[in-house]
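# A closer look at the structure
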Amino acid sequence: MDNRVTRRGVMKGGLALASGAAAASVFGPSTKAWAAGKLEIFSWWTSGGEAAALETLTSAYLKTFPGTELINATVAGGGGSNALPVLQARLSGGNPPDSWQTISGRALLDTYADPGFAEDITDLYESEGWIDKIPPAVLDLVRKNGRYYGVNTGAHRSNEVWFNKKLLAKNGIEIGDTLSFDQFFAAAEKLKTAGVNALAVGDNGIWANQRMFENTFNGVLGYDQTQKLWKGELAFNAPEMKEAMKIHLRMLEFQNPDHSALSWDQAVGKVINGTSAFNMMGDWAYGEFVKAGAKDGVDFGWVSHPGTDDIFIIVTDCFTVAKGAPNAVEARNWLRAIGSAEAQLAFSLKKGAVAPRLDIDKSKLPPYLQWSYHKFATNKFTGSSVNGEQVPASFVQASTDALTSFVVTKNVDRFADALKAAQDATKS
Amino acid sequence: MSIPESVGIPDHYKSFRFSARRSFFWDKLAPVLIISPVIVTTLTFVYVFIVLTVLISLSDWSAVNLAGRFSTPLLKNYSQLFANPRFQMDLRNTVIFTVMFLAGSVGLGLVLALLVDRQIRAKGLFRTIFLFPYAISFIVTGVAWRWIFNPETGINQLFNVLGINSVLVAAGLDPFKPGWLTDPTVWPPLNEALSNIFPAAARLQFDIGVPVALIAVAIAASWQLAGFAMATFLAGLATIPTHIREAAQIDNASGWTHFSKITWPMLAPFTLINLVILGHVSLKIFDLVYAMSGPGPGFATDVPGIFVFEITFRALKYGVGAAGSLVMLLMVAVVVVPYLIRNMREDA
């Protein structure tokens, strides 16, 4: 026969291919049948400090439940901006990871608990005895109608200001226990005349800028007014908010010129290596300082964001169990492991978050964490609106867009109106 | 019944009438069978999904409202979309980016094709070098050019090294240090001038003009796709008959006359192909812009693709996202469909 492609030849080839594929699929997975179990964790903790902190959780789990194949599915991007679309796609597609990280509060309850993506784990809370050991305000973030849906890993305080002590000392500036807006501006003016960059901002994705603005209006409004804001009793275009917006604009005058090209951890890096003096960021920045080997109180210092010394703007991450998770038993064990006092302490040391339990051995904590733990025990809690704890996702997007324009147009009235419109939209 | 001689059937078909009918049937059926998976897949995953997207864009489906009903009024998502100042800026950016990108890539592609088409040594090598950027993924290009355009550590260093800035500073001017992707300026500031002609323009919520940050994105995109334009033009240049070129040379046509009167008109169909294909790339562009600068300072580099992505997966408003996708589809259809119709008419 010549080399024509005949019908018979094609059928023979197709049959060979199909049977080969079938054989491979039969023999492939069976080589792994001896593994104890699998567990897939989904998170966005990929920066240096964050990854080290995640490792403390996974090693705590593997110590108590060895032999499990742990699949660490992470998606890089600050604040989970890239991870959330991936998670949404997987959940709607019916292929959930066993356990995923999410911000607590409305981000957990509205987006995952209500539609039925997250499993009810009230029985875990009761059997592990966590309910008495955690402040009620923190429990509220994972609780709806008395049922629990997530385990908090660390309570971050979003309203901190970090500074390079040596750089400030060189310019004759000293920061006390609290910082007011006037003190900050005086220091910033002094640094500006000395040619030093006063404020390091890394707002690629505008997220860091949003945090700064939220801290500022919390400081200007105070605790009671802020609660009215979230309840809808105070409008976003009230005179006090416009005052906060003007202060925010003034702060931005001192930021580094390449701010929109840097990520948040790169901006913290500028404070670590002495290029900039101040950085306003939540205490996940602490993990970056630790990783760089800087010493608490010697190389760097910290203070509450102006006006917020008695407020704990809480940002917690929690892990959930998926409803219909492929490895439900391993996922519940994972939550048991990460909810334990030892795991939470180890995690907080690396991440900079406060372990959200009241029975932690404080003597093991470095100076910064002792300070923030004291704040955890004494401050009033308020949720953050930047990651969707306090507000629905559509408001977060609308306020992000409004802030992106505001930073460029500097038009306070337009920004206030845009926020008011977004606030009204959430009521409908 | 015998087959008449006048019908031109090959000999080996005439021998056995039954097998002739069976082979004939198989010849007609086989192509349909082979194409049918592709047709079914395209019908489902493209056209059925387009219909579904239309339906979603008329509903208020969101991640927290999984039931989703038709929105009241029906076109609420579209009115929300077009009233959104960010989307208005996206449309402005799309128009400006398309113009800059087409000028850059097609222009550069033409220049490269003309250069490579000469009788030079290592013609194949140069062709490969110029075509190579097209093989890289958009994400890689985006990240690399983002580093290049970093105002502190990127190409601005080159201006210092070359001494341009010391000359400028010595002359009393500011050093040349553009902000590139971090620059939110929209130039020229046309809003005031326009509001003198049209009073309604004073109420516009965005600036009309060229966002300077888009220039950097257009440079990166043109660099990547100029090779593709060059390849098309090279094919076009090969179709210009040699006798016309020689005739022009005999008539002592200057270089410019040769180009404007012979080369450019004969390249017209290839220019059109480039404009249509690269045009629809620029209307849908997402990954390059997202990797380079995302929405950019003050939405200077925002494009509809990024807007739809964020509205759908962050704000979780699937209805508005679907409406945005359909607007993008219409924009591309306006470019591509007339071209396809024209081609089909030519073939018929």
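If you're wondering where the values come from, they're calculated on a predicted model, not measured in any experiment. (Residues numbered from 1 in each chain as written. Chains lettered and ligands numbered in written order. Predicted model: local features only at pLDDT ≥ 70, side-chain atom pairs only at ≥ 80, totals over all residues.)

### Here we look at the nonpolar core
To be explicit about the condition: A set of buried Ala, Val, Leu, Ile, Met, Phe, Trp, Tyr and Cys residues, joined to one another through C-beta atoms within 7 Å, is what we call a nonpolar core. A residue is called partly exposed when the number of other C-beta atoms within 10 Å of its own lies between 12 and 20, exposed at 12 or fewer, and buried at 20 or more, with C-beta atoms placed from the backbone. Numbering of helices and strands starts at the N terminus; helices are DSSP runs of H or I of at least 4 residues and strands are runs of E of at least 2. Throughout, a residue-residue contact means that the two C-beta atoms, derived from backbone geometry, are no farther apart than 7 Å.
The biggest cluster of nonpolar side chains holds 125 residues, and the ones touching the most others in it are Val217 and Met230 of chain B. By residue number, the principal contributor to this core is helix α10 (residues 212-238) of chain B, which donates 15 residues. Not counting residues within four places of it along the chain, the set of residues in contact with Met230 of chain B comprises Gly109, Leu112, Ala113, Val116, Phe130 and Leu131 of chain B. Within the second largest apolar cluster, 54 residues are counted, among which are Leu54, Ala107, Leu108 and Tyr149 of chain A.

### Some details on the interface of chain A and chain B
Applicable threshold: Charged residues are taken to be Asp, Glu, Lys and Arg, nonpolar residues to be Ala, Val, Leu, Ile, Met, Phe, Trp, Tyr, Cys and Pro, and polar residues to be all remaining types, Gly included.
Counting residues at the interface gives 22 residues for chain A, matched by 23 residues for chain B. Those elements giving two or more residues to the side of chain A that touches chain B turn out to be α3 (83-92), α4 (106-113) and α16 (393-409) of chain A. Counting residues per element, the side of chain A that touches chain B draws most heavily on α16 of chain A, at nine residues. Here the side of chain A that touches chain B is built from residues that sort into eight nonpolar, 10 polar and four charged.

### Looking at the domain arrangement of chain B
Residue and element names in this part refer to chain B. Defined as follows: For each domain, the first and last residues come from an automatic or database assignment.
According to the domain assignment, chain B consists of domain 1 (11-57) and domain 2 (77-347). On a C-alpha basis, the centres of domain 1 and domain 2 stand 39 Å from each other. Tallying the contact residues gives four residues for domain 1 and seven residues for domain 2. Split into classes, the residues belonging to the side of domain 1 that touches domain 2 amount to two nonpolar, two polar and no charged.

### So, the domain arrangement of chain A
Residues and elements named next belong to chain A. Along its sequence, chain A is organised into domain 1 (37-156 + 315-382) and domain 2 (160-313 + 385-427). On the domain 2 side, the residues contacting the 33 residues of domain 1 number 32 residues. Secondary-structure elements contributing two or more residues to the side of domain 1 that touches domain 2 are α2 (48-64), α4, α14 (341-351), α15 (367-378) and β12 (380-383). Per-class residue counts for the side of domain 1 that touches domain 2 are 12 nonpolar, 14 polar and seven charged.

### Section: helix α6 (residues 138-148) of chain B
The periodicity of an α-helix, 3.6 residues per turn, causes residues three or four positions apart to be oriented the same way. All names here are of chain B. Quick reminder of the rule: Of all possible arcs, the one meant is that of the directions from the helix axis to the C-beta atoms.
Every buried residue belonging to α6 is among Phe138, Thr141, Gly142, Trp145 and Arg146, and all of these are buried. On an axial view of α6, the arc spanned by its buried residues comes to 130 degrees, and they lie on one face. The secondary structure elements touched by the buried residues of α6 are α10 and α14 (287-292).

### Some thoughts on the environment of Ser99 of chain A
Residues and elements named next belong to chain A. The residue Ser99 is located in strand β3 (residues 99-103) in this model. For the pair Ser99 and Lys323, spaced 224 residues apart in sequence, the C-alpha to C-alpha distance is 9.6 Å. Setting aside residues up to four positions removed in sequence, Ser99 forms contacts with Ile41, Phe319, Thr320, Val321, Ala322, Ala331 and Trp334.

### Things to note about the sheet that holds strand β10 (residues 300-304) of chain A
Residues and elements named next belong to chain A. Operational definition: Between any two strands, pairing holds if DSSP finds at least two bridges. All axes here are fitted lines through C-alpha atoms, helices being fitted over the stretch that makes contact, and every angle between N-to-C directions spans 0 to 180 degrees.
Reading across from one edge, β8-β9-β7-β10 is the order of the four strands in this open sheet, with mixed pairing throughout. Both edges of this open sheet fall to β8 (197-199) and β10, since each of them pairs with a single strand only. Across this sheet, the average inter-strand angle for adjacent strands is 20 degrees, counted without regard to direction. Both strand β7 (residues 160-164) and strand β9 (residues 276-280) contribute to a ladder of three bridges, which runs antiparallel. The residue bridging Trp162 from the neighbouring strand is Asn279, located in β9.

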